[in-house]
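So the chains spell out like this:
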Amino acid sequence: MVKRREPTARQMRLATELRRLREAAGLNSRQAAALLGVSPAQITHIESALAGASEQRLRRLASHYACTDHEFIDALVAMAADRTRGWWEEYRGLLPTSFLDLSELEHHARFLRHVAILYVPGLLQTEDYARAVFSSRLPELTDDELELRIRHRKARQEFTIRYEAVIHEAALRIRVGDRATSKAQLVRLLELSEADHITVRVIPFDLDGFARASSTMTYVGGPLPKLDTVVRDALHGSAFIDSEAQLNTYRTSFRKVEAASLEPAQSREFVHRLAKEL
């Protein structure tokens, strides 16, 4: 068994789901190992994403764990069998791992939802706006680090899946760059909002219900709802949230935020007015 040196978030998610299945079956790792005919260390490595699991082994584990959700098992098998080395791999060792993990999640996502409070979402940013955002980070980035982040962000923007963004007026008004950068960003936002796969909604300052949109989040739709992921920015980097209870909380949160926002057509009119002010 070849141990992985740096598991991806997707590999970690598969490992987490296998551990949850074992725990739901009331088995410890030693008992699971005995059923599979392997050492407890192998189960530990699989559940730590330090080692993969073949389709045969994964299905045997699911059988021993009495999991009858065949659609879920098939989704796990697909995750285990995936050997994709996506475009983001060229940045491994050059950018923080969380950047690559987010790219991998987005690549495999069925849909994306975003709530933005302070900045226009990264997937909708112009290059100049992104440059201004990254230039404000502490500690300061070197020129090479800055260019890597901008190039990576532009690559992430080549998506075609359904994307819904709810953006607070604060994010549209805060000038992370100069006036020209802000206006160009609003114009770009209007252009993108016309795409069939992109929906942009705005929460104005004077709209009731703002407390429901008090934090930024990215909701990534997995192959099944129970394999969805929420990404939250934190001081130490991105946090990936995947427990069912927390996912339900964020699903409810997004529905409330969406309900408190303007309709897409009204949102475009709102952004157009802000752009004219500049």
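Okay, so let's go over this structure. Quick caveat: nothing in here was measured; it's all calculated off a predicted structure.

What counts, and at which threshold
- Residues numbered from 1 in each chain as written.
- Predicted model: local features only at pLDDT ≥ 70, side-chain atom pairs only at ≥ 80, totals over all residues.
- Heavy atoms only, no water.
- Salt bridge = Lys/Arg side-chain N within 4 Å of Asp/Glu carboxyl O.
- Helix = DSSP H or I, 4+ residues; strand = E, 2+ residues; numbered from the N terminus.
- Buried < 20%, exposed > 50% of the residue type's maximum accessible area, 1.4 Å probe, protein only.
- Pairing = 2+ DSSP bridges.
- Patch = residues over 30% accessible without salt bridge, like charges linked within 9 Å, V, L, I, M, F, W, Y side chains within 5 Å.
- Areas by Shrake-Rupley, 256 points an atom, 1.4 Å probe, with all protein chains shown as cover.
- Expected span 1.5 Å × (residues − 1).

Side note on the pattern of salt bridges
So, step 1. Counted according to the given criterion, the structure contains 27 salt bridges.
So, step 2. Two residues, glutamate 106 and arginine 156, come together in a salt bridge whose shortest N-O distance is 2.7 Å. Here glutamate 106, found in helix α6 (residues 97-108), pairs with arginine 156, found in helix α8 (residues 143-156); they are 50 residues apart in sequence, far enough to count as distant. Taken individually, glutamate 106 and arginine 156 each receive the classification buried, so the pair is uniform in this respect.

Notes on the pairing of strand β1 (residues 111-116)
So, step 1. Taking burial as the measure, the 6 residues of β1 include 5 buried ones, the bulk of the element.
So, step 2. Note: β1 against strand β2 (residues 162-168), 6 bridges, orientation parallel. Within β2, the residue paired with histidine 114 across the bridge is alanine 165.
So, step 3. Direction of pairing for β1 relative to strand β4 (residues 217-220): antiparallel, over a ladder of 4 bridges. The residue of β4 that forms the bridge with leucine 112 is valine 220.

A few points about a nonpolar patch on the surface
So, step 1. A cluster of nonpolar side chains, Leu118, Tyr119 and Ile174, forms an exposed patch at the surface whose accessible area comes to about 260 Å².
So, step 2. One can find leucine 118 in the loop between β1 and α7 (127-135).
So, step 3. Judged by relative accessible area, leucine 118 falls into the partly exposed class, the value being 47%.

Some remarks on α8
Each full turn of the α-helix corresponds to 3.6 residues, which orients residues three or four apart in the same direction.
So, step 1. Counted at 1.5 Å a residue, the expected span for α8 with its 14 residues is 20 Å, and the 20 Å between its end C-alpha atoms agrees.
So, step 2. Of all the positions in α8, only Leu146, Leu148, Arg149, Ile150, His152, Arg153 and Arg156 are classed as buried.

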